Structure formats: C-alpha cells, structure tokens
Amino acid sequence: MSTINNSTAAHSGQNTAADPAQLQFNSSSPHVDPHQLDHISIHSPRRILFLYGSQTGCAQDVAENAAREARRMHFSASVSAMDDYDRSLLIREHFVVFVASTTGQGEEPDNMKKFWRFLLRKSHPSDALDHMEYTVLGLGDSSYIKFNWPAKKLYKRLLQLGAIPFYEPAYADDQHYLGIIPENVIFQNSFSLSFDQKDTTTSISKPEPTPLSADIPEPGTFLATMIENRRITNPKHSQDVRHIELLINDPLFPGYHPGDVLSMRPRNLAKDVNEFLEYSGWTSIADDPLTVVENLADHQLPKHISHRQTLRSLFTNYLNVFTTPRTSFFQLLIHFTPNEDEKDKLREFVSPAGQDDLYSYSHRMRRTIFEVMQDFKDVRIPLNYILDVFPVIMPRSFSIASAPLVSVQEQHQSGRLNGCVSPAVATSNGQLDAGNIEGELQWKVDLCVAIVHYKTKLWKWRVGICTKWLKSLHAANDPGLPIEGGENTASETETPSGGPSQFMVRVQRGTLKLPKDPSTPLICIGPGANKNVLFFGCRKRAMDYHYQGEWEQLEREGSLRVFAACSRDQDDKVYVQHLIEAHGALVWKYLHEEKGIILLSGSSNRMPADVTRALQRVISTYGNMSIEQAHDYLTKVEKEGRFQQECWA
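All figures in this text were calculated on a predicted structure; none of them were measured in a lab.

Conventions and cut-offs
Residues numbered from 1 in each chain as written. Predicted model: local features only at pLDDT ≥ 70, side-chain atom pairs only at ≥ 80, totals over all residues. Heavy atoms only, no water. Helix = DSSP H or I, 4+ residues; strand = E, 2+ residues; numbered from the N terminus. Buried < 20%, exposed > 50% of the residue type's maximum accessible area, 1.4 Å probe, protein only. Areas by Shrake-Rupley, 256 points an atom, 1.4 Å probe, with all protein chains shown as cover. UniProt positions renumbered as here; feature names shortened; annotations may be inferred. Contact = heavy atoms within 4.5 Å. Phe/Tyr/Trp six-rings, centres within 6.5 Å; stacked < 30°, edge-to-face > 60°. Lys NZ or Arg CZ within 6 Å of the ring centre and 35° of its normal. Pairing = 2+ DSSP bridges. Right-handed = clockwise from strand over helix to strand, strands pointing away. Core = buried A, V, L, I, M, F, W, Y, C linked by side-chain atoms within 4.5 Å. Salt bridge = Lys/Arg side-chain N within 4 Å of Asp/Glu carboxyl O. Expected span 1.5 Å × (residues − 1). Axes fitted to C-alpha atoms, helices over the stretch in contact; angles between N-to-C directions. Parallel < 35°, antiparallel > 145°, perpendicular 65-115°, else oblique. Left-handed = near helix turned anticlockwise from the far one by under 90°. Nonpolar A, V, L, I, M, F, W, Y, C, P; charged D, E, K, R; others polar.

**Q** It is not clear to me how the overall build of the protein chain should be interpreted in this structure. Could you clarify?
**A** For the protein chain, the helix and strand inventory stands at 21 helices and 22 strands. Burial analysis of the protein chain (649 residues in total) assigns 49% to the buried set. When the accessible surface of the protein chain is totalled, it reaches about 31,800 Å², and 51% of it is carbon and sulfur.

Here you go:
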C-alpha cells in the first residue's frame with residue numbers, strides 16, 4: 001500500500017461524482033440512505049474501499065491485511081465481498097482496490113458472481129465510473145490455462161465504464177515461491193468480546209440477558225439430512241473414500257443439474273476445540289455467554305456469525321485454528337509475543353529472505369495455526385483480537401455424484417428414516433412421483449468424498465478439516481442410531497442424540513456442463529452414459545475402483561464403454577493417458593466426427609497435462625496434423641466448451 005499517498009487521497013476526496021440518476025448506475029435496491037452517501041462523499045475524504053472476490057479466503061485475507069495497513073496510515077478503509085457491497089453506492093466511491101481470486105477453470109469466485117453480472121449490464125453508460133480511481137490485484141495459479149482470468153476481465157470492464165486506474169493491475173501467482181509478503185502492520189482490533197456479567201445477587205429486578213442466538217442461515221442454503229455415510233474403498237486400502245447421501249426436504253430448494261457442486265461450511269470437532277481452549281487457558285470461560293461488539297463502522301461481523309456467542313461456539317462453528325496459516329498470520333503474531341527471539345524468528349519468516357524457511361516450516365509440514373502457537377510458546381492472543389487474527393472457516397465444495405432423475409423412492413424403499421422419508425420424489429423437470437400424497441419435494445444428493453488423512457515428512461498425521469468432520473457425522477442408516485419421526489431441526493452435531501446429522505448446504509453451478517443434445521457423445525476421464533466412454537483411473541481394481549458395479553452394469557446394458565486403468569495391478573504402470581492413446585481411433589471419432597465432449601476430472605497435479613498431451617497425440621495421429629496443429633485444434637475445442645476440466649489440488 002506504499003503507493004497510497006496524501007496527494008492521491010486528496011484527489012480521491014474531491015466530490016466529482018455525477019448525479020446517480022444521470023449515471024443510471026443503480027443496484028436492485030434503489031432506496032439508498034442519503035446519510036450513507038454523505039458519509040462516503042463528504043465525511044471521509046481519505047476513504048478507501050477494498051472489494052474482494054474469494055473462494056477459499058485467500059483474497060479476503062489479502063484485502064483485510066491491506067485495509068489494516070491503510071488504517072495504520074490514517075485512511076478510512078472498508079472491506080467487503082463484492083456481492084455483499086451495496087452496488088448503488090459505487091458511483092460515490094473515489095478510490096477502490098479490487099482483489100479477485102480464480103476458481104475452477106478461470107471462473108469468478110461465488111461471492112463475486114452477482115457483482116460481475118451487474119458490471120456487464122449493457123445499460124451502463126461508458127462514463128458511469130469516470131469519477132473512480134482503481135486498481136486490481138488478481139490471485140491465480142499459472143499452471144492453469146486461464147491464469148487470473150476474473151481479475152483481467154474485471155480490470156478491462158472497469159476501464160470500459162470510464163474508471164481510471166491509479167496503478168497497473170498486478171497478477172499474483174501461487175506458483176511463485178515468495179507468495180504474498182505483507183508489510184509490518186499495527187492495527188486496532190475490529191471486534192471486542194463483551195461477556196455477560198455474572199449476577200451474584202438474589203435480586204429479580206434485573207432484566208434477563210439476551211439469549212444466545214441460533215445459527216444464522218446463509219442466503220441460498222438448505223437443510224440437508226445425512227442418510228448414508230459409507231466407505232467404498234477396500235478396508236485394507238490406504239485411502240478412505242466415502243459415499244455420502246444427503247436428503248433435502250425443502251419446497252424452495254431449486255434442485256440441481258449434472259455438473260453442479262454442493263458446498264458446506266464444516267465445523268471443528270469437540271475434542272480438538274477442547275484441547276485448544278485448554279491450551280489457551282480459556283476453558284473456565286468457554287461456555288460463558290458473550291456479545292461480539294463491532295469497533296469499526298467499516299468492518300462488520302460476517303453475516304453468518306451471530307453477535308451472541310460463547311468462546312466454545314466461536315471456535316467450534318466459525319474460527320479455523322486447525323488450518324495451515326497464511327503468511328499474514330505470522331506477521332500478526334509479532335505483536336502478541338514479548339519474547340524478542342520469537343519476534344526475530346517471526347520477522348524472518350515474513351521477510352523475502354525467509355520465505356524458504358517459512359515454506360519448510362509451515363507449508364511443507366502442513367503445520368496448523370494451533371501447532372504454530374504451541375511452537376511459539378510466549379504468543380498469547382488477547383480475546384478481543386481473536387476475530388482479527390484467526391481466519392473464518394470457509395465453505396468446502398464437492399462435485400455432486402448423483403443424477404437428479406434418480407428418485408429417493410427407488411434408492412430407499414427400505415425406509416431407513418423410519419417414516420422421515422416420504423415417497424415424494426423431485427426430478428430435474430419438477431415432476432412428482434405418483435406416490436406423492438402430500439406433494440412434498442425431496443431431493444437426494446450423493447457425494448463421493450476422499451477423506452484427507454496422510455503423514456508429513458515429520459511423520460505427523462494430517463487431516464482435512466471438512467472431510468474429518470464429514471467422516472464423524474452420523475447417517476440415518478448407522479446401526480443403533482435412534483431415529484425420531486417428525487420434522488427436522490437445524491442442529492449440526494458430530495454426535496446426534498435424536499437422529500441423523502443435519503447441516504446447511506448450497507448448490508452451485510460447476511465448471512462441467514453437459515450438452516443439450518442427449519445424443520452427443522461424452523468422453524469422460526477421471527477417477528470415476530447411448531454411446532458414452534469412460535476412462536477410469538485408480539490404483540488397484542480390488543481396492544479403489546469406485547462404483548465398479550454401476551459402471552459394469554451400464555456397460556452390460558450397452559449405455560457405456562468403460563476402460564479402467566488400474567495402475568498398480570501390473571508391473572508396468574498404466575494410466576488413463578495410455579488407454580486414451582490405445583483407443584485413439586474411438587476418441588477421434590467421437591471428438592471430431594460426432595462433435596463429442598470431453599469431460600476431465602481428477603487431481604490437478606500431473607494428470608491434466610498428461611491427458612492433454614495424450615489427446616494432442618491422438619489428434620495428430622488420426623487427424624493427420626502436426627503436434628502444433630493438434631495443440632491449436634484442442635484449444636479450439638476447449639473454447640467451444642467441448643473440452644472441460646474440473647480438477648482439484
């Protein structure tokens with residue numbers, strides 16, 4: 001933020017914005033508080049707005065860290081997700097910094113999509129934002145083809161609307177070994193924790209304290225009930241892969257389509273939270289009611305977090321102390337240890353020269369925030385800073401593994417929910433099963449989830465926060481689980497006492513999209529259709545050939561051709577790229593002659609590049625092209641949406 005100086009602030013404080021009615025730059029909420037406009041244009045001449053689009057929290061972390069630095073320099077800095085910002089106020093902003101990450105194959109983060117669609121409206125005049133100075137910071141990964149695509153498109157669109165860049169856009173690369181190195185920051189705590197006073201008197205005249213608030217459902221989320229949580233890999237196999245079935249019974253649920261993803265916000269397990277609270281010395285007050293007080297008008301509590309909490313509820317449901325910390329966390333710790341040796345080590349970690357040491361200490365070993373605090377023994381985070389220092393648990397997304405046309409009635413005729421599951425069935429076209437008496441919509445959503453559980457080079461076990469939580473949840477078919485009838489309650493717990501686990505979920509469009517014409521051939525490549533082909537990769541047929549029975553049944557019915565690459569079942573390893581080349585004639589026929597679609601899913605490490613090279617060789621061989629021409633051909637196919645990838649790290 002060193003580029004922000006007094007002259008720039010003075011310029012940005014000029015009241016040069018045109019009349020909102022003349023600009024016609026309005027959001028879906030036309031009624032704007034005039035006092036809020038006055039605050040922006042008059043009372044805060046040194047105002048800076050940071051708008052971020054973040055999928056995993058990285059862009060949010062960068063924006064908040066930059067805002068702390070701006071406040072240290074006596075600017076009034078506001079931070080908001082793009083979709084949470086009141087877009088009708090944009091015409092009054094004079095100085096805006098956009099931070100945009102990338103998700104999927106060059107897609108905008110979920111909390112940026114509405115803002116981006118708003119900017120794309122053709123009704124906006126070309127000078128709508130000519131009063132605004134801005135810059136864009138993109139966060140991406142150069143190993144992907146569409147590197148920093150949302151940030152680049154955002155920068156260009158703002159230019160088209162007349163905004164003036166005060167600095168050239170910057171595109172950060174996750175592949176760069178230095179990462180993001182923040183400057184030293186000293187900041188005021190954004191929030192304070194006000195504990196309820198304990199009444200030691202017998203007086204009955206005092207008013208009752210405000211009760212603890214229930215979880216605030218996030219917009220667009222729906223209650224899901226877990227009806228199956230089953231391991232599908234061989235018990236002797238090192239990888240635990242789960243088949244999870246969820247039931248959503250909500251008349252407002254819009255359904256889903258093939259290729260969509262399901263997101264959920266996980267929770268920390270009780271035993272882990274207890275250990276952290278005990279280490280921090282907060283066990284005795286962990287269950288005392290408190291109120292979260294906002295100290296800064298421009299930094300509000302995330303909307304899904306209630307102001308009435310306990311420390312236990314904050315660390316169980318919202319704050320993530322069991323994730324690998326970002327560099328900014330080490331920077332913040334400098335202010336919370338009196339030990340000069342620890343200060344020096346932390347300063348070294350956040351310096352350019354110390355990035356190799358930081359990577360070896362933190363990222364390579366996947367140390368958690370809690371473990372870092374245990375290593376730096378004199379670090380003590382004051383309670384009033386926990387919401388500034390510890391990151392919020394972010395939602396996790398999983399590809400939906402079921403077809404929306406498969407009915408709950410067909411899959412669960414055994415009545416595992418003891419009457420909780422009615423025969424009502426919703427299909428992708430909204431039709432109800434004939435057996436539906438009450439007309440209730442019920443949707444079954446299947447997930448195929450690999451439980452993250454591995455050892456680091458220090459031989460310490462590491463687990464994924466979300467998959468560990470999912471594994472702990474109880475399903476309706478768990479033996480000995482008491483099931484009660486009646487309506488569901490929105491309780492989320494790892495050890496339910498009265499029924500299967502329930503939690504809130506959201507369905508979002510994924511990166512894979514099926515063709516509108518059902519006769520279009522599909523070539524599916526991944527860790528597992530008329531004339532569809534599946535290239536399935538696994539290690540051993542007897543260990544991790546997911547859904548083998550279903551694939552083979554479809555093949556017997558003539559609906560699918562399956563080629564399984566079980567890499568460890570023979571001396572010479574065989575991967576899906578080898579089978580693609582072995583069946584190159586079929587691949588070329590479906591791709592070129594019948595204009596088929598290739599769907600690639602799996603790890604984002606070597607697999608996408610290996611498969612891409614195999615496809616290029618097939619195109620070169622059977623299309624009589626050079627490798628360069630084959631590369632151009634495949635690029636053209638990708639632009640047409642006929643080569644889609646959904647890969648994950």
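**Q** Just to check I follow, could you spell out the UniProt feature "binding site: FAD" (unreviewed entry) in the protein chain for this structure?
**A** With numbering aligned to this structure, UniProt lists the feature "binding site: FAD" (unreviewed entry) at Arg366, Arg396, Ser397, Phe398, Ser399, Gly464, Ile465, Cys466, Thr467 and Trp648. On the secondary structure map, arginine 396 appears in strand S13 (residues 396-399). For arginine 396, a relative accessible area of 23% gives the class partly exposed. When near neighbours in sequence (up to four residues on either side) are disregarded, arginine 396 contacts Leu262, Ser263, Met264, Pro266, Asn320, Ile465 and Cys466. Inspection of the secondary structure puts isoleucine 465 in helix H15 (residues 465-472).

**Q** Mind showing me how you'd approach the packing of aromatic side chains here?
**A** Working definition: an aromatic ring pair is given by the centre-to-centre distance plus the angle between the planes. The full count for this structure, using the stated rule, is 27 aromatic pairs. Between the aromatic rings of phenylalanine 330 and tyrosine 361, the centroid separation amounts to 6.3 Å while the plane-to-plane angle is 75 degrees, which identifies the pairing as edge-to-face. One end of the pair, phenylalanine 330, is in helix H9 (residues 327-333); the other, tyrosine 361, is in helix H11 (residues 355-363), with 31 residues separating them in the sequence. Take phenylalanine 330 and tyrosine 361: they sit in the same class, and that class is buried. Chaining the aromatic ring pairs together yields one cluster made of Phe276, Tyr279, Trp282, Phe315, Phe322, Phe329, Phe330, Phe349, Tyr361, Phe370, Phe376 and Phe390. Sitting above the plane of the tyrosine 171 ring, lysine 152 keeps its charged end 5.5 Å from the centroid.

**Q** So what exactly am I meant to see when it comes to the sheet that holds strand S7 (residues 191-195) here?
**A** The pairing of strands in a sheet happens through backbone hydrogen bonds and is either parallel or antiparallel. Taken in spatial order, the three strands line up as S7-S11-S12 in an open sheet, and their pairing is antiparallel. Of all strands in the sheet, those bounded by a partner on one side alone are S7 and strand S12 (308-309). Examined bridge by bridge, S7 and strand S11 (residues 290-294) share five bridges and lie antiparallel to one another. Pairing of serine 192 across the sheet is with valine 293, part of S11.

**Q** Looking at this structure, how should I read the environment of phenylalanine 75?
**A** Examined against the element boundaries, phenylalanine 75 turns out to sit in the loop between helix H4 (58-72) and strand S2 (76-81). For the pair phenylalanine 75 and arginine 46, spaced 29 residues apart in sequence, the C-alpha to C-alpha distance is 5.2 Å.

**Q** Can you help me understand the pairing of S2 in this one?
**A** The side chains of a regular strand alternate between both faces of the sheet. For S2, the buried fraction is high: five of the six residues fall into the buried class. Here strand S1 (residues 47-53) runs beside S2; their pairing, made up of six bridges, is parallel. Bridge pairing links tyrosine 52 to alanine 81 in S2. After leaving S1, the chain enters H4 and then returns to the sheet as S2, a path that is right-handed.

**Q** Would you mind going over the nonpolar core with me for this structure?
**A** Phe276, Phe315, Ile381, Ile386 and Phe390 are the most contacted members of the largest nonpolar core, which totals 43 residues. Membership of the second largest hydrophobic core comes to 28 residues, among which are Ile523, Ala565, Leu586 and Phe643.

**Q** Before we go on, may I ask you to explain the pattern of salt bridges in this structure?
**A** Opposite charge on two side chains makes pairing possible when the charged atoms of those side chains draw close. Taken as a whole and judged by the stated rule, the model has 23 salt bridges. Notably, a salt bridge pairs aspartate 260 with arginine 509, separated by 3.1 Å at the nearest N-O pair. Of this pair, aspartate 260 sits in the loop between strand S9 (241-248) and strand S10 (261-264) while arginine 509 is found in the loop between strand S17 (502-508) and strand S18 (522-526), placing the two residues 249 residues apart along the sequence. Residue aspartate 260 is classed as buried on the basis of its relative accessible area, which comes to 3%. Notably, a salt bridge pairs aspartate 272 with lysine 468, separated by 2.7 Å at the nearest N-O pair. Taken together, the residues span a long stretch of sequence, with aspartate 272 in helix H7 (residues 270-280) and lysine 468 in helix H15 at a distance of 196 residues. A relative accessible area of 23% means that lysine 468 is categorised as partly exposed.

**Q** Looking at this model, I keep getting lost on helix H6 (residues 149-160). Mind explaining?
**A** Structurally, the α-helix is built with 3.6 residues per turn, so residues lying three or four positions apart point the same way. Between its first and last C-alpha, H6 extends 17 Å over twelve residues, near the 16 Å set by a 1.5 Å rise per residue. The secondary structure elements touched by the buried residues of H6 are strand S3 (95-101), helix H5 (113-119), strand S4 (133-140), strand S5 (164-165) and strand S6 (170-173). Just downstream of H6 lies glycine 162, where phi reads positive at about 95 degrees.

**Q** Sorry if this is basic, but what is going on with the packing of helix H20 (residues 607-622) against helix H21 (residues 627-639) here?
**A** For any two helices packed against each other, one specifies the inter-axial angle together with the distance between the axes. Here H20 crosses H21 at 115 degrees, and the two axes come no closer than 8 Å. Between H20 and H21, the crossing angle belongs to the class labelled roughly perpendicular. The two elements H20 and H21 meet at a crossing, and its hand is right-handed. Of H21, the residues touching H20 (which contributes Thr612, Leu615, Gln616, Arg617, Ile619 and Ser620) are Ile627, Ala630, His631, Tyr633 and Leu634. Residue composition of the contact of H20 with H21, grouped by class: six nonpolar, four polar and one charged.

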